[in-house]
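Each chain is listed here by its residues.
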Amino acid sequence: MENGADFLGRGLAMTTPHPLGERIEKAEGSWLITDQGERLFDLVSGIGVSSLGHGHPAIAAALHAQIDRHLHVMVYGEYAQKAQDQAAEALLGTLRPHGLDAVYFVNSGAEAIDGAMKLARRVTGRTEIFGMTGGYHGGTMGSLSLSTPSHRRNAFLPLLPEVAHLPFGHVEALQQVTDRTAAVFVETVQGDAGIRPMSAGFARALRDRCNETGTLLVLDEIQCGLGRTGYFHAFEAAGIVPDVLVLGKALGGGMPMGAFVARQAYMLTLRESPKLGHITTFGGHPMACAACAAFLTALKGVDLAGVRAQGERWKAALSAHPVVQEVRGSGHFLGVDLDGPERVSALVAAARRHGLVLFWFLSRPQGFRLAPPLNASQEEMEAALKGLLSALDEIGN
Ligand SMILES: Cc1ncc(COP(=O)(O)O)c(C=O)c1O
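In this numbering scheme, every chain counts its residues from 1 along its sequence in written order. Predicted model: local features are reported for residues with pLDDT of at least 70 only, side-chain atom pairs are reported and counted for 80 or more only, and whole-chain, interface and lining totals are derived from all residues. Hydrogens and waters are ignored; side-chain quantities use all the structure's heavy atoms.

**Q** Describe the site of the ligand, naming the residues involved and giving the relevant values.
**A** Working definition: residue near molecule or strand if any one of its non-hydrogen atoms lies within 4 Å of it. Lining the immediate environment of the ligand, one finds Ser108, Gly109, Ala110, Tyr136, His137, Gly138, Glu187, Asp192, Asp220, Ile222, Gln223 and Lys249. A distance of 3.0 Å separates an oxygen atom of the ligand from a polar side-chain atom of Lys249. The cavity that encloses the ligand is the largest pocket. By the convention adopted, Pro, Cys, Tyr, Trp, Phe, Met, Ile, Leu, Val and Ala count as nonpolar, Lys, Arg, Asp and Glu as charged, and the other residues, Gly among them, as polar. Among the residues forming the shell around the ligand, the class breakdown is 3 nonpolar, 5 polar and 4 charged. Whenever two N or O atoms come within 3.5 Å, that pair is a polar contact, provided that in protein one can donate a hydrogen and the other can accept it, and provided that, for residues adjacent in sequence, both atoms are side-chain atoms. Using only the protein atoms, space was sampled on a 1 Å grid; points where a 1.4 Å probe fits but cannot get out form cavities, open sets with protein on both sides within 12 Å along at least five of seven lines form pockets, and lining residues are those with an atom within 4 Å of a point. Cavities and pockets are treated as containing a molecule whenever more than half of the molecule's atoms lie within 2 Å of their grid points.

So, in structure tokens, the structure goes:
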């Protein structure tokens, strides 16, 4: 299929000149099924969204039940809705022990980041905000301001004032965080920079510096959170607790949804002077919330120690392959480097011939991502690893 021509011919916006262009008819479990009836194993989960696979029975049942109850009834925050209560309870049950007891549901990861930026300004009365080099936080003007690399941002300048970037992982640079800084935003594990976890030492130093200066530490776990790393929340492995946690992607169980979570005293600042500090029509949509509650409940039953063990097995097997230069990450969230972008593109094509879907990173052209569903069976994962190693053999010759 001529990918580009086909997208334009159908009047759809193209986001790159070379989309994957698969025609997907159906998806079930860890599998995508094309219009030709071909079954493809999903090694990317729609970029970290379908964390319990496709068509999970509990999520599907919750959605069917909610359709019969009601769809949209009012803009966010005016009516009490059971689905929102259930989603909030399912999420906050995991976060209250960390002092995070209020959630604001929105429509996407980027909107959640923008909401968290506003919250940080409101809570601290300060305007300066730091992101990190390598960080990716979304495509809105606020979240793009926090993101790097510069070539992605520069085409859209001017972005938000008083937003700058600290070098990821450099403890000395944290001295730039001062009592003028409202917040530091960082991904607990950088996703689109190639799956790069914060070291425990950097995480501790960052937490300490934010405490010293009264700066909010905002962890973006939109991609790395909710079981992906083999921990329910990625910050558990980093050994720190954020002031604000931002979630998205898998949160909605396949429905569009984002959230920012903080202690209630902080969240109440959005209610006054002026009220409606953040406002959204569709945030907390009942269908998204119903799927979210079902997803979180099902996630609590997933063997996360098994996900971590599986990740270690894959890391060992891939690291031993002569074409592989480096493997980073944990659980079902791995970044693999080859010797350059051409080799990665060759691998994506070779893996496709083995019925495996792979995908690139935005900011690490020599790498590819692995983020299969957390509940893929042992047999499926073994078969996928075998296929991937064969594809690596093929491009190595
Ligand atoms: C870490 C991180 N933050 C924020 C976002 C933006 O989320 P969304 O695309 O839902 O706006 C993404 C999306 O890839 C992401 O990976």
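**Q** Got a sec to walk through the layout of surface pockets? Specific residues and values, please.
**A** Its boundaries defined by the atoms lining it, the largest pocket holds a volume of some 1,400 Å³. By definition, any uninterrupted DSSP run of H or I lasting at least four residues is a helix, any uninterrupted run of E lasting at least two residues is a strand, and each is numbered from the N terminus. For the lining of the largest pocket, the elements supplying multiple residues, two or more each, are helix H2 (45–48), helix H5 (109–124) and strand E16 (359–360). Partitioning the lining of the largest pocket into residue classes produces 25 nonpolar, 14 polar and 8 charged. Bear in mind that the domain bounds are from an automatic or database domain assignment. Residues from two domains meet in the lining of the largest pocket; each of domain 1 (3–56 + 303–396) and domain 2 (57–299) gives at least three. A volume near 710 Å³ is recorded for the second largest pocket. Going through the elements one at a time, helix H4 (82–95), strand E4 (102–106) and helix H10 (264–267) are the ones with two or more residues in the lining of the second largest pocket. In terms of residue class, the lining of the second largest pocket is made up of 13 nonpolar, 7 polar and 5 charged. Grid points are joined across faces, edges and corners, and a volume is the space filled by probe spheres set on the points.

**Q** Kindly report on helix H11 (residues 286–299), identifying the contributing residues and their values.
**A** An α-helix turns once per 3.6 residues; consequently, residues spaced three or four apart project the same way. Working rule for helices: expected span equals 1.5 Å times residues minus one. With 14 residues, H11 extends 20 Å between its outermost C-alpha atoms, agreeing within 8% with the 20 Å of an ideal straight helix rising 1.5 Å per residue. Each residue is assigned to one of three classes by its accessible area relative to the maximum for its type, calculated with a 1.4 Å probe on protein chains only: buried under 20%, partly exposed between the two thresholds, exposed over 50%. Burial analysis of H11 places 13 of its 14 residues in the buried class, the great majority of the element.

**Q** Give me the lowdown on the packing of helix H12 (residues 304–319) against helix H14 (residues 378–396), citing residues and values where you can.
**A** Relative orientation of the contacting elements H12 and H14 amounts to 20°, with a least axis distance of 11 Å. If you check the angle between H12 and H14, you find them roughly parallel. Crossing geometry of H12 relative to H14 is assigned as right-handed. Residue-level contacts link Gln310, Arg313, Trp314, Ala317 and Leu318 of H12 to Gln378, Met381, Glu382, Ala384, Leu385, Leu388, Leu389 and Leu392 of H14. Angular values range over 0 to 180 degrees, each being the angle between N-to-C directions of two axes fitted as lines to C-alpha atoms, with helices fitted over their stretch in contact. Angular relationships are summarised with four words: roughly parallel below 35 degrees, roughly antiparallel beyond 145, roughly perpendicular across 65 to 115, and oblique for the angles in between. In a left-handed crossing the near helix is turned counterclockwise from the far helix by less than a right angle, and in a right-handed crossing that turn is clockwise. When checking whether two residues touch, look at their non-hydrogen atoms; a contact exists if any pair is within 4.5 Å.

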